[in-house]
Amino acid sequence: MPSIASSIPPRARGMAMLTGTALVWGGMFAVVKPLMAGFDPFTLTLLRYGVTAPLLLLLLWAVEGRAALRLEGAGLRLWALGTLGFAGFGLLAFLGLTLAEPQHASVIPALMPLIAVAVTAGRSRSWPAPRALAAVGLGLAGVALVVSGGAPALLLSGGVGRGEGLVFLGAFAWVLYTLGAQRFPGWSGLRFTALSCALGTLSILGLEALALALGWAHWPSAASLAAATPSLLYLTLLASLLGVLGWNGGMRAIGAARGVLFINLVPVTAFAIAVAGGQVPAAGEIAGVALVIAALLLNSLGAAPAAPRPAALAGAGKRPCPL
């Protein structure tokens, strides 16, 4: 007798997975912000990936076998990419969140597809297509409105935007990491993510040791860890581990061009949580979120092929998750 899950069309399952993942990621910023009172960004990054990396390796072993754990001579490249993605994005995002509002920080990941357009154009030394260029401009304008609360001129004074700037640098690092996955065409998304995360976590461990020595970090007490356990479980199990599975599975089911649109739910969820907590967003912030969503729609829907080839859809499902 078929299960309920098997009776659901693959496209519907993919949309459900991407929706759930985006909602979890949108809530992550509100969950992490209170942790900053008792955890420094270095230690929090280590706790996040120090738990996630072993779980990913165990999952990889269970799904693809011991042979998938082999580095095949690519250890140095995987370490560099893992450091860029997990140490770079993870640490910069948490550093930025110490200065930024959760709902503001959540808008930045929605720019990742547009950042990828700019990086790809820079590497090829050619201008993006007019539609993509317009999308990048709209996205940046939207972020400027959100970060400044509807008054972009404040960005010139340096009084706002520092935290969001750090998150943006982290997003840029993650885009470079994601584009680096193209050098592993024969690997599954799970294998690339698990091995690069494990090696990148070694760099996070080194940064934590340095930060402890310099007094920039401190190891929390057992009581602090116990009190923060629910939030840490959300961060590691839901946002990281299940986020990888949900995002990759959803992208494989419906394709990258459509699947990436679900990243828009991240800032929408974060703003909804802020409103539920009593924070009323300014009109400029709402307009900024709308511009970011419009930019991603313009870039993704305009570039989506009418009939994607099976090979293209298979490759799209191998992309690591953006958070």
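For the structure, check the block above.
Fair warning: this is a prediction, and the values are worked out from it, not measured in the lab.

1. Let's talk about the pattern of salt bridges
So, point 1. One pass over the structure, following the stated rule, counts 1 salt bridge.
So, point 2. The salt bridge partner of arginine 191 is glutamate 72, with a shortest N-O separation of 3.0 Å. One end of the pair, arginine 191, is in helix H10 (residues 189–214); the other, glutamate 72, is in the loop between helix H3 (41–64) and helix H4 (75–97), and 119 residues separate them in sequence.
So, point 3. Classification of arginine 191 by relative accessible area gives buried; the value is 8%.
So, point 4. With a relative accessible area of 55%, glutamate 72 lands in the exposed category.

2. Remarks on the environment of tryptophan 127
So, point 1. Looking at the element boundaries, tryptophan 127 is found in the loop between helix H6 (112–124) and helix H7 (130–148).
So, point 2. Residues tryptophan 127 and valine 117 lie 10 residues apart in sequence; the distance between their C-alpha atoms is 9.6 Å.

3. A few points about H6
So, point 1. Spanning 13 residues, H6 covers 18 Å between terminal C-alpha atoms, matching the ideal 18 Å at 1.5 Å per step.
So, point 2. Listed in full, the buried residues belonging to H6 are Met112, Pro113, Leu114, Ile115, Ala116, Val117, Val119 and Ala121.

4. Here's the deal with the packing of aromatic side chains
So, point 1. The full count for this structure, using the stated rule, is 9 aromatic pairs.
So, point 2. Consider the rings of phenylalanine 86 and tyrosine 177, whose centres lie 5.2 Å apart with planes at 70°: the pair is edge-to-face. Of this pair, phenylalanine 86 sits in helix H4 while tyrosine 177 sits in helix H9 (residues 162–180), and the two are 91 residues apart along the sequence. Each member of the pair, phenylalanine 86 as well as tyrosine 177, carries the same accessibility label: buried.

About the cut-offs
- Residues numbered from 1 in each chain as written.
- Predicted model: local features only at pLDDT ≥ 70, side-chain atom pairs only at ≥ 80, totals over all residues.
- Heavy atoms only, no water.
- Salt bridge = Lys/Arg side-chain N within 4 Å of Asp/Glu carboxyl O.
- Helix = DSSP H or I, 4+ residues; strand = E, 2+ residues; numbered from the N terminus.
- Buried < 20%, exposed > 50% of the residue type's maximum accessible area, 1.4 Å probe, protein only.
- Expected span 1.5 Å × (residues − 1).
- Phe/Tyr/Trp six-rings, centres within 6.5 Å; stacked < 30°, edge-to-face > 60°.

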